[in-house]
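Coordinates in review
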Amino acid sequence: NDASEPIDVAVLGGGPAGAAAARLLASHGHRVALVTRAPARPALAESLPPSVGKLLDRIGVRRAVDAADFVRATGNTVWWGSDEPRVESFGAGSLGWQVRRDTFDAVLLAEAERAGARVVRRAIVRDVARGAGDASREPARRKPLHEGAAPGGRAAGDPYTDAAPGRRSGEGKA
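Attention in this report is confined to the structure presented alongside it.

Conventions used here
- Residues numbered from 1 in each chain as written.
- Predicted model: local features only at pLDDT ≥ 70, side-chain atom pairs only at ≥ 80, totals over all residues.
- Heavy atoms only, no water.
- Pairing = 2+ DSSP bridges.
- Helix = DSSP H or I, 4+ residues; strand = E, 2+ residues; numbered from the N terminus.
- Axes fitted to C-alpha atoms, helices over the stretch in contact; angles between N-to-C directions.
- Contact = heavy atoms within 4.5 Å.
- Buried < 20%, exposed > 50% of the residue type's maximum accessible area, 1.4 Å probe, protein only.

Further remarks concern the sheet that holds strand β7 (residues 96-100). Strand order in the open sheet made by the three strands is β3-β7-β4, with antiparallel pairing throughout. In the strand order of this sheet, the two ends are held by β3 (45-48) and β4 (71-73), each with one partner. When strand polarity is set aside, the average angle formed by the axes of neighbouring strands in this sheet is 30 degrees. Relative to β7, β3 is paired through four bridges, and the arrangement is antiparallel. The residue bridging Glu46 from the neighbouring strand is Val99, located in β7. On top of the sheet, helix α4 (residues 101-114) reaches β3 and β7; it is set at about 100 degrees to β7, its chief contact.

What follows is the structure, given as structure tokens:
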């Protein structure tokens with residue numbers, strides 16, 4: 001990856017939110033760099049309810065997620081507020097997904113790359129600065145995400161959109 005290539009949007013964080021934002025922005029013609037760090041913990045399994053299917057369809061990754069052959073589940077067994085387990089069904093024959101988080105993240109990152117995002121892996125962001133002259137440069141106008149607005153209410157084409165904020169104010173996740 002050529003770090004000198006101009007970008008419109010830098011997404012800090014390669015988890016599901018960052019990968020989805022990078023994929024959507026790239027698929028709408030924005031030049032996107034997604035920066036993600038190495039995994040900080042062992043891979044865990046997560047349960048995604050059936051309602052996530054609508055989101056997977058909307059961001060265009062449903063086929064890739066289905067092709068990953070995650071276990072489909074009819075519900076969850078939970079221990080919450082009690083020492084006794086409780087089975088919660090998704091109902092009406094609905095199926096959710098049991099995903100290994102590292103595999104799920106890899107699928108979403110691959111889809112962001114396929115859409116045209118540049119993914120920088122195993123990186124740590126210590127500072128972000130605009131290049132000389134960027135503040136006065138007129139942003140390129142590209143296809144808006146929805147009704148003329150980008151995430152966070154910024155104008156479409158805003159080169160400084162913060163698509164995936166960090167866990168604490170002012171700190172990126174990458």
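Text resumes after the structure shown.
Bringing unusual backbone geometry into the picture now. Of note in this structure, Asp69 is not a glycine but carries a positive phi near 55 degrees. Among the structural elements, Asp69 can be located in the loop between α3 (62-67) and β4. Take Asp69: its relative accessible area is 65%, and that puts it in the exposed class. The backbone phi angle of Arg122 is positive, close to 55 degrees, even though this residue is not glycine.

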